[in-house]
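Below are the chains, spelled out letter by letter.
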Amino acid sequence: MTPLELILSLSIPASSLGVVAFGVHELRRRKNKGLDGAPLTATYVNEFTALFYASKRMELDHRDTMSMMREEDSSGARPWDLTNGIVLPRRPPTQP
């Protein structure tokens, strides 16, 4: 086996172990510092998967779109509570 063949045959396992090691390091660092957000290794794995699966690319695009939208649960709330059988009156907005 030539050195080039050896390097190429070990590149995939080595990169996988490198991603796992970096992920463990990153999670420890985030736990100690209390950081939020997606870890870099999760982003790398998602993008690598999206390279081979078009449905993963659509999922990531949909996730990005939904993260930009505002959630307004209270604006569509009904004026009644079906579990207790009561009607909740809505107050008109006060004018300053």
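Look above for the structure.
Residues numbered from 1 in each chain as written. Predicted model: local features only at pLDDT ≥ 70, side-chain atom pairs only at ≥ 80, totals over all residues. Heavy atoms only, no water.

S.K.: So what exactly am I meant to see when it comes to the overall build of the chain here?
M.R.: A tally of helices and strands in the chain yields three helices and two strands. Element order for the chain, N to C, with α for helix and β for strand: α-α-α-β-β. Put simply, the chain has 96 residues, and 8% of those count as buried. Of the contacts made within the chain by residues no fewer than 6 positions apart, 6% connect residues no fewer than 24 positions apart. In the structure as shown, the chain presents an accessible area of about 9,000 Å², 63% of it carried by carbon and sulfur atoms. (Helix = DSSP H or I, 4+ residues; strand = E, 2+ residues; numbered from the N terminus. Buried < 20%, exposed > 50% of the residue type's maximum accessible area, 1.4 Å probe, protein only. Contact = heavy atoms within 4.5 Å. Areas by Shrake-Rupley, 256 points an atom, 1.4 Å probe, with all protein chains shown as cover.)

S.K.: Help me understand the side chain of Thr 41, please; the structure alone is not making it clear to me.
M.R.: Mapped onto the elements of the fold, Thr 41 is located in helix α2 (residues 40-52). A residue is classified by how much of its surface remains accessible, and Thr 41, at 15% relative accessible area, is buried. Residues in contact with Thr 41, not counting those within four places in the same chain, are Val 19, Phe 22, Gly 23 and Glu 26.

S.K.: I'm lost on the environment of Arg 63 in this one. Help?
M.R.: Here Arg 63 lies in helix α3 (residues 54-68). Look at Arg 63 and you get partly exposed, because its relative accessible area is 40%. Those residues in contact with Arg 63 that lie beyond four places of it in its chain are Asn 46 and Lys 56. Here the side chain of Arg 63 touches Glu 59 through a polar contact of 2.6 Å, side chain to side chain. (Polar contact = N/O pair within 3.5 Å; in protein donor to acceptor, adjacent residues only side chain to side chain.)

S.K.: Teacher, can you tell me more about the pattern of salt bridges here?
M.R.: Oppositely charged side chains are able to pair whenever their charged atoms sit close together. Evaluation of the coordinates by the stated rule reveals five salt bridges. A salt bridge links Arg 57 to Glu 47, with the nearest nitrogen and oxygen atoms 2.4 Å apart. You can see Arg 57 sitting in helix α3 and its partner Glu 47 sitting in helix α2, a full 10 residues away along the chain. Among the residues examined, Glu 47 registers a relative accessible area of 39% and is labelled partly exposed. Notably, a salt bridge pairs Lys 56 with Glu 59, separated by 3.9 Å at the nearest N-O pair. (Salt bridge = Lys/Arg side-chain N within 4 Å of Asp/Glu carboxyl O.)

S.K.: In this structure, what is going on with the packing of α2 against α3? I would like to understand it.
M.R.: To characterise two packed helices, one gives the angle between the axes of the helices and the distance between these axes. Running from N to C, α2 and α3 cross one another at 135°; their axes reach a closest spacing of 5 Å. One element, α2, and the other, α3, form an angle in the oblique class. The segment α2 lies against α3, with Asn 46, Glu 47, Thr 49, Ala 50 and Phe 52 engaging Ala 54, Lys 56, Arg 57, Leu 60 and Arg 63. Per-class residue counts for the contact of α2 with α3 are four nonpolar, two polar and four charged. (Axes fitted to C-alpha atoms, helices over the stretch in contact; angles between N-to-C directions. Parallel < 35°, antiparallel > 145°, perpendicular 65-115°, else oblique. Nonpolar A, V, L, I, M, F, W, Y, C, P; charged D, E, K, R; others polar.)

S.K.: I tried to follow the packing of aromatic side chains on my own but got confused; where do I start?
M.R.: Here a ring pair, both rings aromatic, is described through the centre-centre distance and the interplanar angle of the planes. Scanning the entire structure with this criterion turns up two aromatic pairs. Aromatic side chains Tyr 44 and Phe 48 sit 6.2 Å apart centroid to centroid with 20° between the ring planes, which places their arrangement in the stacked category. Within this pair, Tyr 44 and its partner Phe 48 are both found in helix α2, separated by four residues, close to a single helical turn. Measuring from centroid to centroid gives 5.3 Å for Phe 48 and Phe 52, while their planes differ by 75°, and the two rings are edge-to-face. In this pair, Phe 48 and Phe 52 both sit in helix α2, four residues apart, roughly one turn of the helix. Linked through ring pairs, Tyr 44, Phe 48 and Phe 52 together constitute an aromatic cluster. (Phe/Tyr/Trp six-rings, centres within 6.5 Å; stacked < 30°, edge-to-face > 60°.)

Geometric values such as these leave the question of function open.
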